[in-house]
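Results of the structural survey
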Amino acid sequence: MGILRTVIKRICTCGKGDHHEGLGTMSSDGVRLWIKDHHVVIDNGILQVTLSKPGGLVTGVQYNGLDNVLEILNHEGNRGYWDVVWSALDESGRKGVFEVINATSFKVIVETEEQVELSFSRPWDPSLKGKLAPINIDKRFVLLRGSSGFYTYAIYEHLGSEEWQAFSLGETRIAFKLRKDKFHYMAVADDRRRYMPLPDDRLAGRAQPLAFQEAVSLINPVVPEFKGEVDDKYQYTCENKDLMVHGWISHDPPVGFWQITPSNEFRSGGPLKQNLCSHVGPTCLAVFVGAHYAGDDQVPKFGQGEPWKKVFGPVFIYLNSAICGQDPLTLWDDAKRQMMVEVNSWPYSFPASEDFPKSHERGKVGGRLLVRDRYIHNDDVPGNGAYVGLAPPGDVGSWQRECKDYQFWNEADCMGGFSINNVRCGEYNLYAWVPGFLGDYKYHLLITVTPGCDINLGNLVYEPPRDGPTLWEIGIPDRSAAEFLVPEPNPKYVNQLFVNNPKSNFRQYGLWERYGELYPYGDLVFTVGESDYRKDWFYAQVPRRKEDNSYEGTTWQIKFRLENVQLAASYKLRMALAGATLAEVQVRVNDPNRPRPLFTTGLIGRDNAIARHGIHGLYWLYNIDISSSSLVEGENTIYLKQPRNQSPFQGIMYDYLRLEGPPS
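**Considering the overall build of the protein**
For the protein, the count of helices and strands is 4 helices and 45 strands. The C-alpha atoms of the protein give 27 Å as radius of gyration, which agrees with the globular expectation for 664 residues (26 Å, within 12%). By its C-alpha atoms, the protein is 85 × 60 × 55 Å across when sized along the principal axes. For the protein, the residues scored as buried account for 59% of the 664 residues in total. For the protein, contacts bridging at least 24 residues in sequence account for 71% of all contacts bridging at least 6. Looking at the protein as shown, the accessible area adds up to about 26000 Å², and 49% of this sits on carbon and sulfur atoms. Distance between charge centres in the protein, computed from 70 positive and 81 negative side chains, equals 3 Å.

So, in structure tokens, the structure goes:
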């Protein structure tokens, strides 16, 4: 990165504020509050936060010699803000409305030397129908003594009154726009951190648009080393379980800006839901509700007069700085340490809202999950690494589509033990899934959590779907297509961050087009006992581009031998999908031209994970009976046809396939 460093890396010089070290800086100053005509300022001697009054927009953050870490070239309403995207579900017809939450009322909630908490609220009433999202929103900002950052959370409420409009909440989040002349290095994970292009590099003349507006090829970037690379914000998304800290680093002065989310309880969709985080801008997001990698299933819908209230956050906006001579990139390591401090402090004791329950107002649920599959092991085996969670009551697996209320998840230890702590009071189902095993578990009884409860469920036994012995299997049942063949990208569309990066190679742009290049005339054929799914099973079943640039559906084949076919018996095909986008899988056995397939999923999925460089979306599991009369002794073929072809992104990502023989 020699050329790049000479452009954006500066020699660290000691100056104003350089006593602030990487660790959360301590100060003996109390927290001070200034209320002005159109702004409110809070200061604790470490940083100073300025908010618009009464709007509650973050217009400035002063820290370590920087008068403002936010983009001073932007107008005040486009620096730091909460926003929503909403649609009316009635005759008013408003769809996909983007609204920055501009409050109309300001109130001081707490003002001491130890803490200042401010409220910026925006009530709704029927006179605002069709103009604003029908939610009462109370945004809170908190600054503590000695804290090298500030907290923000919000209470959303839709009242249970007939006057309250039906609507859907497509997205809600917090966004920060940082100074593009300062913040050039981004970190979202240990294997995804790098110097980033400038926002100017995405403009006409410097970039070439690709298949969708978020993706561009950099043809004339300010920094020449980026020439030929692809930039797309979706290459940096994260699963909720891994999305605890991310942000940006400035070299002059050496300052880090980080968004830390200490709990996933208020995020929708469970631990595997994927969200945007940081991307070129420099932009830093905290996304709470969104349809990305899931589609409309992850858009909460509220009926007319349906009561609902939810607290989003608090999240922590952490700032750190390097001492003179220290590599500024070590600020990422410090941000990860601070993330653990915040996680271990959850639930926070300081929020003043009664809607945020403190530790003593919450409960705990624990137990041990075992897996029983007699075709694999005679004894029950520990649910090692199982994801075990409490979510609102629903069907088996409903947690991945749940998006209105709270969820609480824990990863089981090697013996299957789990402890789900700090659970809000209420009624829940307990759900789980175990890497290496098909399907979803749901505990048969409703669980009621009360303040201070410590519920021990003892040993729970999950019996994954199984009728008979495994005749063959393809892949690993882990809700991801990552184990399959992820091709090398087209050299014209490379992001260097993902070169020689096996954990993230699927994030390269345009991999869907590689299928037609690998299989220009015929489709994938997988021969059991000869083929290797790591090399011979493409990560996504997508349409093939034809010479006229239209697309055609594809039919994959699984060839396998059966030495004996049991008469008048039923075989079982387990087909687990890791994602689907306006696609269909038709299953035929030994006759590809049979007018009616043995089974079809029908048109399913809107996760758009293939276009957005994901390796999974939502999970689907199908259990398909195959009569022995459809099979023959010797060579058999299962045909998997994906006929939908209006777009290159209409496709399927498989998780795992298994053929079981009759019960024995």
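**A short note on the confidence of the model for the protein**
Residues of the protein with pLDDT of at least 70 account for 96%, and the chain-wide mean is 94. With pLDDT under 50 throughout, residues 1–24 is counted as low confidence; its partners more than four residues away or in other chains account for 52 contacts.

**Focus: the layout of surface pockets**
As a volume, the largest pocket reaches approximately 810 Å³. In terms of lining residues, the largest pocket is bounded by 32 residues, among which E239, K241, D242, K503 and R507 are the most central. Take the lining of the largest pocket: its biggest share by element is 3 residues, from helix α2 (residues 331–344). Its residues assigned to classes, the lining of the largest pocket comprises 15 nonpolar, 5 polar and 12 charged. Each pocket or cavity is described by its volume, and for the second largest pocket that value is around 680 Å³. Lining the second largest pocket are 25 residues, and of these P262, S263, N264, W409 and N410 lie nearest its centre. Listed by contribution, the elements that provide at least two residues to the lining of the second largest pocket are α2, β28 (408–411) and β29 (417–423). Partitioning the lining of the second largest pocket into residue classes produces 11 nonpolar, 10 polar and 4 charged.

**Focus: the nonpolar core**
Within the largest apolar cluster, 119 residues are counted, with the highest numbers of intra-cluster contacts made by F176, F257, L369 and L430. Element by element, the count of residues in this core is highest for strand β24 (residues 308–321), at 8 residues.

**Things to note about the sheet that holds strand β40 (residues 586–589)**
Spatially, β35-β38-β44-β40-β41 is the arrangement adopted by the 5 strands of the open sheet, whose pairing is mixed. Only two strands of the sheet have a single neighbouring strand rather than two, namely β35 (525–527) and β41 (599–600). The pairing of β35 with strand β38 (residues 554–562) spans 3 bridges and is parallel. Looking at the pairing, V525 lines up with Q557 of β38.

**Brief notes about empty space enclosed by the protein**
Scanning the entire structure with this criterion turns up 3 cavities of 30 Å³ or more. The calculated volume of the largest cavity comes to roughly 120 Å³. If you trace the largest cavity, you find 14 residues lining it, with L272, Q400, H616, G617 and L618 closest to the centre. Tallied by class, residues from the lining of the largest cavity come to 7 nonpolar, 5 polar and 2 charged. Of the pockets and cavities examined, the second largest cavity occupies roughly 50 Å³. Surrounding the second largest cavity, K180, F183, H184, M196, P197, L198, P199, W248, V280, G281 and P282 form its lining.

**Focus: the pairing of strand β12 (residues 183–189)**
Among the 7 residues in β12, 7 count as buried, and that is most of the element. Summarising the sheet, β12 and strand β18 (residues 245–251) pair through 4 bridges and their orientation is antiparallel. Bridge assignment links F183 to a residue of β18, and that residue is S250. Bridge count for β12 against strand β13 (residues 192–195) is 4 bridges, and the pairing is antiparallel. Residue pairing across strands places A187 opposite R193, the latter belonging to β13. What sits between the antiparallel neighbours β12 and β13 is a turn of 2 residues.

**Some thoughts on helix α3 (residues 511–518)**
Within the span of α3, buried status applies to L511, W512, R514, Y515 and G516. Those residues of α3 that are buried lie in contact with β36 (544–545) and β38.

**Examining the sheet that holds strand β16 (residues 230–231)**
Strand order in the open sheet made by the 3 strands is β14-β15-β16, with antiparallel pairing throughout. Bordering the open sheet on either side are β14 (207–209) and β16, each of which pairs with just one other strand. Inspection of the sheet shows strand β15 (residues 216–218) paired to β16 by 2 bridges, in the antiparallel sense. When the bridges of β16 are listed, S217 appears paired with V230.

About the thresholds
- Residues numbered from 1 in each chain as written.
- Predicted model: local features only at pLDDT ≥ 70, side-chain atom pairs only at ≥ 80, totals over all residues.
- Heavy atoms only, no water.
- Helix = DSSP H or I, 4+ residues; strand = E, 2+ residues; numbered from the N terminus.
- Rg over C-alpha atoms; globule rule 2.2 N^0.38 Å.
- Buried < 20%, exposed > 50% of the residue type's maximum accessible area, 1.4 Å probe, protein only.
- Contact = heavy atoms within 4.5 Å.
- Areas by Shrake-Rupley, 256 points an atom, 1.4 Å probe, with all protein chains shown as cover.
- Lys, Arg positive; Asp, Glu negative; His and termini not counted.
- Charge placed at Lys NZ, Arg CZ, Asp CG, Glu CD.
- pLDDT = per-residue confidence, 0-100.
- 1 Å grid on protein atoms, 1.4 Å probe; cavity = no way out; pocket = protein on both sides within 12 Å on 5 of 7 lines; lining within 4 Å.
- Points joined across faces, edges and corners; volume = space filled by probe spheres on them.
- Nonpolar A, V, L, I, M, F, W, Y, C, P; charged D, E, K, R; others polar.
- Core = buried A, V, L, I, M, F, W, Y, C linked by side-chain atoms within 4.5 Å.
- Pairing = 2+ DSSP bridges.

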